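Chain and residue survey
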Amino acid sequence: MNIETIKLEIIGWLIKLEDQAILQKLIELKQATELSNYEGNLKPMSKEEMLARAETSNRDIEAGGVYTIEEVMEENWDV
Amino acid sequence: MKVPLFAIVLLFLFTRCTAPETQISPAFYHWRTRLALSQTERNYLHELNIKKLYAKFFDVDWSESSQQALPQALIELVPETLPDSVALIPTIFITNRTFLNLPASEILQLAASICDKIKALAKAPFDEVQLDCDWSEKTRAPYFQLIETMRQNLGPDVRLSATIRLHQVKYPKQTGVPPVDRGMLMFYNMGDVEAGEEHNSILNLEIAQQYLDKNTAQYPIPLDVALPLFSWGVLFREGKMIRLINNLTAADLARDERLRATGSNRFEVVRSGYVDGYYLYTEDEIRIEAVQTENLMAAAELLKRYLPKTAQRNLAFYHLDSVLLERFSLQSINSIIKEMK
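Residues numbered from 1 in each chain as written. Chains lettered and ligands numbered in written order. Predicted model: local features only at pLDDT ≥ 70, side-chain atom pairs only at ≥ 80, totals over all residues. Heavy atoms only, no water.

**Here's the deal with the domain arrangement of chain B**
Residue and element names in this part refer to chain B.
- Considered domain by domain, chain B is made up of domain 1 (22-230 + 290-339) and domain 2 (232-289).
- Relative to domain 2, the C-alpha centre of domain 1 lies at a distance of 30 Å.
- Between domain 1 and domain 2, the contact holds 17 residues from the first and 13 residues from the second.
- Each partner contributes to the roughly 1,000 Å² buried at the junction of domain 1 and domain 2, and carbon and sulfur atoms together form 54% of this total.
- If you look at where domain 1 meets domain 2, you find zero salt bridges.
- Summed over the shared surface of domain 1 and domain 2, the number is seven residue pairs in polar contact (both at pLDDT 80 or more).
- Residues belonging to the side of domain 1 that touches domain 2 are distributed by class as follows: seven nonpolar, five polar and five charged. (Domains from an automatic or database assignment. Contact = heavy atoms within 4.5 Å. Buried area = accessible area lost by both parts, 1.4 Å probe. Salt bridge = Lys/Arg side-chain N within 4 Å of Asp/Glu carboxyl O. Polar contact = N/O pair within 3.5 Å; in protein donor to acceptor, adjacent residues only side chain to side chain. Nonpolar A, V, L, I, M, F, W, Y, C, P; charged D, E, K, R; others polar.)

**Digging into the pairing of strand S18 (residues 312-318) of chain B**
All names here are of chain B.
- Of all seven residues in S18, six are buried; the element is thus mostly enclosed.
- Sheet topology note: the strand S1 (residues 23-30)/S18 ladder contains six bridges and is parallel. Residue Ala27 lies in a different strand from S18, and its bridge partner there is Ala316.
- Sheet topology places strand S10 (residues 223-228) next to S18; four bridges connect them, and they run parallel. Following the sheet pairing, Pro228 is matched in S18 by Tyr318. (Buried < 20%, exposed > 50% of the residue type's maximum accessible area, 1.4 Å probe, protein only. Helix = DSSP H or I, 4+ residues; strand = E, 2+ residues; numbered from the N terminus. Pairing = 2+ DSSP bridges.)

**With respect to the pairing of strand S11 (residues 232-237) of chain B**
All names here are of chain B.
- Of all the six residues making up S11, five are buried; the element is thus mostly covered by neighbouring parts of the structure.
- With six bridges connecting them, S11 and strand S12 (residues 240-246) associate as antiparallel partners. Within S12, the position partnered with Val234 by the bridge is Leu244.
- Counting the residues in the hairpin turn of S11 and S12 gives two residues, including Glu238, whose phi is positive at 50°.
- Where S11 meets strand S17 (residues 285-289), five bridges bridge the pair, whose relative direction is antiparallel. In the strand pairing of S17, Phe236 is matched with Glu285.

**What to know about the pattern of salt bridges**
Residue and element names in this part refer to chain B.
- Scanning the entire structure with this criterion turns up 19 salt bridges over all chains.
- With a closest N to O distance of 2.7 Å, Arg97 and Asp61 form a salt bridge. Separated by 36 residues along the polypeptide, Arg97 in helix H3 (residues 96-101) and Asp61 in strand S3 (residues 52-63) bring together distant segments of the chain.
- The partner of Asp213 in a salt bridge is Lys170, with the nearest N and O atoms 3.3 Å apart. Taken together, the residues span a long stretch of sequence, with Asp213 in the loop between helix H8 (205-211) and S10 and Lys170 in helix H6 (residues 166-170) at a distance of 43 residues.

**Focus: the packing of aromatic side chains**
Residues and elements named next belong to chain B.
- A complete count under the given rule lists 16 aromatic pairs over all chains for this structure.
- Ring centres 5.0 Å apart and planes at 70° place the aromatic pair Tyr279 and Tyr281 in the edge-to-face group.
- Residue classification places Tyr279 among the partly exposed residues on the basis of a relative accessible area of 32%.
- Members of the aromatic cluster, joined through ring pairs, are Tyr29, Trp31, Tyr54, Tyr188, Phe230, Trp232 and Tyr318.
- If you follow Lys56 out to its NZ or CZ, it ends over the ring of Trp31, 5.8 Å from the centre. (Phe/Tyr/Trp six-rings, centres within 6.5 Å; stacked < 30°, edge-to-face > 60°. Lys NZ or Arg CZ within 6 Å of the ring centre and 35° of its normal.)

See below:
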């Protein structure tokens with residue numbers, strides 16, 4: 001089975017999926033993947049910073065513009 | 001007056017014998033959010049006698065949604081995986097847009113917040129903090145003010161260091177010198193990654209040479225050096241650079257029938273499909289950029305000639321990751337360290 005077929009099968013399954021717990025786990029998996037990509041691309045250089053922003057924009061568009069990766073990653077100053 | 005040949009030879013030998021070697025303290029950067037070192041990574045730290053790990057504790061970025069500077073991607077420490085002999089140096093990456101947006105009246109508070117967050121995350125004493133910000137003319141004043149405020153907050157027992165780019169070493173008067181104890185010269189990403197004709201933007205010694213001259217030795221603060229171990233594929237579509245694919249190697253692509261080699265480090269997609277999780281289209285082009293041990297040794301030799309003399313210099317490799325270490329044996333890293341002496 002090639003990757004395109006696998007993706008179509010997952011999309012078909014996802015459309016019918018109603019289980020909130022599984023959906024939540026999928027969201028967590030998506031965020032963990034985005035975190036990994038973020039780390040991989042954000043190196044200590046301005047050009048990379050710019051590229052990471054471009055990557056973020058791409059992901060944001062792909063994700064439907066609900067949350068940006070920065071918002072997902074944002075913390076606060078509480079200690 | 002004629003000087004006897006043997007006297008010249010003796011003088012040469014004497015100079016060679018007495019020129020003091022710089023003591024090189026090898027180190028690594030750790031740039032992932034979860035700091036849980038693998039056995040391989042621990043082994044490298046041990047065998048290379050590494051005493052310092054520059055660990056990214058968090059990023060500071062401007063939040064558009066809350067209109068304030070906020071920390072991002074806080075480090076998750078797994079202390080039992082870190083050897084006792086290795087000191088963590090909290091390293092904070094601050095985006096330029098933080099300073100472009102931050103009101104001047106909030107710099108003191110941001111400095112205090114960063115210091116408090118570092119102390120809370122470190123869970124152990126630390127004697128150095130490194131700041132990483134590619135400051136510009138517009139952000140220099142607030143960045144330097146933040147550094148000075150952090151110094152007051154952290155006290156005299158904590159040294160401050162800051163990352164420095166090549167152009168900042170060449171033009172210290174124009175770009176300013178950060179008010180820190182030491183600078184870390186980031187000796188990589190010196191080329192133009194977006195240019196199609198670029199051969200290797202990660203390490204290009206011809207470009208580096210243009211930034212190093214007799215004035216380099218006059219840089220007013222001691223300089224440490226960071227050298228790259230990473231590699232990536234630069235993806236071009238219709239001539240425009242659109243993405244970086246980390247850890248991609250020429251060997252990976254050479255094995256893929258959907259790609260055709262067009263040069264020593266260049267490939268063209270001849271059949272659309274997924275490569276390393278990314279969908280590539282026919283006629284996309286990939287340039288593989290990587291550094292080899294001999295490139296890093298040449299870099300070390302070049303730096304040794306130009307950097308300000310110092311009794312001790314930190315040499316940090318970017319970055320500690322088992323995948324990257326597969327391409328660099330202990331012996332090769334040791335040879336680079338020796339070349340810097």
